[in-house]
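Summary of structural features
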Amino acid sequence: MTPLKEIGECVIGAGDREYFFRPSFRNMSRIGEPAHIVRAFYALFNNDVARLLDEARSIHRAIPEHQRLFYAHYFGDADLPGWAIEAAQSAGFVREALLSAINVIQSCCDEDVAELVGWHDIAKASKRTFVWRRGVLPPENLILIAQSLMMHGIIGRTRVRKLQKHEGKVSTTEFHATEYIMAARNHFGISRDEAENLTMTEFAMMLNAKYPDEKGFTREEYDAVMDDDDRRWQKMIEREKSAKKSA
């Protein structure tokens with residue numbers, strides 16, 4: 001299958017196999033509960049490592065340059081001390097981000113991606129019961145891939161009308177894929193399966209195509225549209241309930 005990169009799809013090859021990834025609403029819901037999806041997003045995009053390196057760099061620069069160059073000859077770097085580099089590369093800093101990346105990547109593919117991300121194996125010569133076998137992709141690539149999938153899956157990478165983007169902007173602790181699935185069904189008259197298969201980027205592009213006015217909605221206009229969607233949503237649910245009862 002040919003991926004549409006503009007909406008977040010991608011294909012990764014390993015040997016003679018190809019893995020297709022799609023950050024659809026359905027696949028975003030596979031990551032976990034609504035609150036867990038947001039936590040996974042934070043784990044992938046938080047900048048704890050960047051803050052550590054910035055602080056270590058500022059401290060390291062207080063050392064005279066000739067001493068830093070001397071240290072760099074044996075360990076570390078001229079700009080960063082060795083301990084900071086080792087800490088940034090340690091499992092303690094990347095563990096949560098790496099586990100979230102593996103979860104996101106597996107959730108966005110219908111096949112088992114252990115060959116790419118790694119797998120647990122029974123330990124033969126260790127005190128541990130299991131050991132982790134790395135996949136063909138390095139950890140930093142796993143995180144970058146998962147970041148791209150999450151951006152297309154829950155944020156959307158497309159132009160957003162300015163008034164809608166900025167009015168009433170608040171942070172959220174949960175991502176409810178079902179709300180966007182129902183909104184897509186109401187807006188575009190598509191089936192549940194088609195709505196679940198949309199990515200957030202694709203959903204936003206379809207909205208922009210349906211409402212091409214670049215000035216966008218005011219908050220009152222936007223609320224009116226959403227209220228109308230809620231009414232149609234309730235009617236759709238009532239029709240489905242009635243159909244189930246009659247069956």
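These figures come from a predicted structure and were not determined experimentally. (Residues numbered from 1 in each chain as written. Predicted model: local features only at pLDDT ≥ 70, side-chain atom pairs only at ≥ 80, totals over all residues. Heavy atoms only, no water.)

**Comments concerning the packing of helix α2 (residues 34–45) against helix α8 (residues 139–155)**
Interaxial distance between α2 and α8 falls to 10 Å at its minimum, and their mutual angle equals 135°. Judged by the inter-axis angle, α2 sits oblique to α8. As α2 packs across α8, the resulting crossing turns out to be left-handed. Contacts between α2 and α8 involve Ile 37, Ala 40, Phe 41, Leu 44 and Phe 45 from the former and Ile 143, Ala 146, Gln 147, Met 150, Met 151, Ile 154 and Ile 155 from the latter. For the contact of α2 with α8, the per-class residue count stands at 11 nonpolar, one polar and no charged. (Axes fitted to C-alpha atoms, helices over the stretch in contact; angles between N-to-C directions. Helix = DSSP H or I, 4+ residues; strand = E, 2+ residues; numbered from the N terminus. Parallel < 35°, antiparallel > 145°, perpendicular 65-115°, else oblique. Left-handed = near helix turned anticlockwise from the far one by under 90°. Contact = heavy atoms within 4.5 Å. Nonpolar A, V, L, I, M, F, W, Y, C, P; charged D, E, K, R; others polar.)

**With respect to the packing of helix α10 (residues 177–188) against helix α12 (residues 200–210)**
At a minimum axis distance of 11 Å, the contact between α10 and α12 shows a crossing angle of 30°. Here α10 is positioned roughly parallel relative to α12, judged by the angle of their axes. The interaxial crossing formed by α10 with α12 has left-handed handedness. Residues Tyr 180, Ala 183, Ala 184, His 187 and Phe 188 of α10 form the contact with α12, whose participating residues are Met 200, Phe 203, Met 206, Leu 207 and Lys 210. Among the residues forming the contact of α10 with α12, the class breakdown is eight nonpolar, one polar and one charged.

**A short note on the pattern of salt bridges**
Between side chains of opposite charge, a pair can form when the charged atoms approach closely. By the definition in use, this model includes seven salt bridges. The residue Glu 111 makes a salt bridge to Arg 17 at a minimum N-O spacing of 2.5 Å. One end of the pair, Glu 111, is in the loop between α6 (91–107) and α7 (114–117); the other, Arg 17, is in strand β2 (residues 17–21), with 94 residues separating them in the sequence. In this structure, Arg 30 engages Asp 110 in a salt bridge whose closest nitrogen and oxygen atoms are separated by 3.2 Å. One end of the pair, Arg 30, is in helix α1 (residues 25–30); the other, Asp 110, is in the loop between α6 and α7, with 80 residues separating them in the sequence. Through salt bridges with shared partners, a single ionic network connects Arg 26, Arg 192, Asp 193 and Glu 196. (Salt bridge = Lys/Arg side-chain N within 4 Å of Asp/Glu carboxyl O.)

**Quick word on the pairing of β2**
Bridging between strand β1 (residues 10–14) and β2 involves five bridges; their strand directions are antiparallel. Bridging across to β2, Gly 13 finds its partner in Glu 18. Where β1 hands over to β2, the hairpin turn is made up of two residues, of which Gly 15 adopts a positive phi near 65°. (Pairing = 2+ DSSP bridges.)

**Some thoughts on the packing of aromatic side chains**
Working definition: an aromatic ring pair is given by the centre-to-centre distance plus the angle between the planes. Per the counting criterion, the structure on display carries six aromatic pairs. Between Tyr 180 and Phe 203, the ring centres sit 6.0 Å apart and the planes meet at 85°, which makes this aromatic pair edge-to-face. Separated by 23 residues along the polypeptide, Tyr 180 in helix α10 and Phe 203 in helix α12 bring together distant segments of the chain. Overall, the relative accessible area of 6% leaves Phe 203 in the buried class. An aromatic cluster of at least three residues, connected via ring pairs, comprises Phe 25, Phe 175, Tyr 180, Phe 188 and Phe 203. (Phe/Tyr/Trp six-rings, centres within 6.5 Å; stacked < 30°, edge-to-face > 60°. Buried < 20%, exposed > 50% of the residue type's maximum accessible area, 1.4 Å probe, protein only.)

**Digging into the environment of Arg 185**
Assignment of secondary structure puts Arg 185 in helix α10. For the pair Arg 185 and Glu 196, spaced 11 residues apart in the sequence, the C-alpha separation amounts to 9.3 Å.

**Some details on the confidence of the model for the chain**
Reading fine detail from the predicted coordinates is not recommended where pLDDT is low. Scored by pLDDT, the chain has a mean of 80; 73% of the residues are at 70 or more. Note on residues 162–166: pLDDT is under 50 here. Beyond four places in sequence and across chains, it has eight contacts. (pLDDT = per-residue confidence, 0-100.)

**Considerations on the side chain of His 152**
The residue His 152 is located in helix α8 in this model. Those residues in contact with His 152 that sit more than four places away from it in its chain are Lys 5, Glu 6, Ile 7, Gly 8, Pro 23, Arg 157, Thr 199, Met 200 and Thr 201.

**Section: the nonpolar core**
Soluble globular proteins tend to bury their nonpolar side chains together. Within the largest apolar cluster, 40 residues are counted, with the highest numbers of intra-cluster contacts made by Phe 21, Ile 105, Leu 116, Met 150 and Phe 203. In terms of residue count, the dominant contributor to this core is α8 (seven residues). Contact partners of Phe 21, with chain neighbours within four places excluded, come to Gly 8, Glu 9, Cys 10, Ile 12, Ile 105, Cys 108, Cys 109, Val 113, Leu 116 and Leu 149. (Core = buried A, V, L, I, M, F, W, Y, C linked by side-chain atoms within 4.5 Å.)

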